[in-house]
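# Notes for the structure review
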Amino acid sequence: MQELIIVFALVVQLPPETDERVASYWLYQDHCLNDARLLARREENYHPIVAFCRPEWVNPAEQKVKGYDLENKVNK
């Protein structure tokens, strides 16, 4: 059984009144925050977007985590 690791979930709401959805999981907080800022600032959006990052425990064998190499368990 793979152990859980703490990662950062990129959470998006379209529009802000709707339920939150996790768009992706990131190993590094800076990478997650960068994507959240880019999504929230896009001018071509028809509705305002709320995007933010929050820490979550995930099993990397079940969820793809950007920046985590499952084969070698090495952080990229």
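Residues numbered from 1 in each chain as written. Predicted model: local features only at pLDDT ≥ 70, side-chain atom pairs only at ≥ 80, totals over all residues. Heavy atoms only, no water.

A few words on the overall build of the protein chain. Scanning the protein chain for helices and strands turns up one helix and six strands. Going from the N terminus to the C terminus, the protein chain shows its helices and strands as β-β-α-β-β-β-β. Each of the 76 residues in the protein chain was classed as buried or not, and the buried ones make up 33%. Of the contacts made within the protein chain by residues no fewer than 6 positions apart, 60% connect residues no fewer than 24 positions apart. Accessible area of the protein chain: about 5700 Å², with a carbon and sulfur share of 50%. (Helix = DSSP H or I, 4+ residues; strand = E, 2+ residues; numbered from the N terminus. Buried < 20%, exposed > 50% of the residue type's maximum accessible area, 1.4 Å probe, protein only. Contact = heavy atoms within 4.5 Å. Areas by Shrake-Rupley, 256 points an atom, 1.4 Å probe, with all protein chains shown as cover.)

This next bit is on the sheet that holds strand S2 (residues 21-26). Within the open sheet, the four strands sit side by side as S3-S1-S2-S4. Their pairing is mixed. Lying at the two open borders of the sheet, with one neighbouring strand each, are strand S3 (50-58) and strand S4 (65-66). Relative to S2, strand S1 (residues 5-13) runs antiparallel, the two sharing five bridges. Note that in S2 the partner of Ala-9 across the bridge is Tyr-25. Sheet strands in contact with helix H1 (residues 29-41) are S1, S2 and S3, and its direction is about 0 degrees off that of S1. (Pairing = 2+ DSSP bridges. Axes fitted to C-alpha atoms, helices over the stretch in contact; angles between N-to-C directions.)

Attention now moves to a nonpolar patch on the surface. Together, Leu-4, Ile-6 and Trp-57 line one region of the surface with nonpolar side chains, adding up to about 350 Å² of accessible area. Positionally, Trp-57 belongs in strand S3. Trp-57 gets classed as exposed once you look at its relative accessible area, which sits at 59%. (Patch = residues over 30% accessible without salt bridge, like charges linked within 9 Å, V, L, I, M, F, W, Y side chains within 5 Å. Salt bridge = Lys/Arg side-chain N within 4 Å of Asp/Glu carboxyl O.)

Let's shift gears to the environment of Arg-41. Locating Arg-41 in the fold gives a position in helix H1. Along the primary structure Arg-41 and Ala-51 are separated by ten residues, whereas in three dimensions their C-alpha atoms are 9.6 Å apart.

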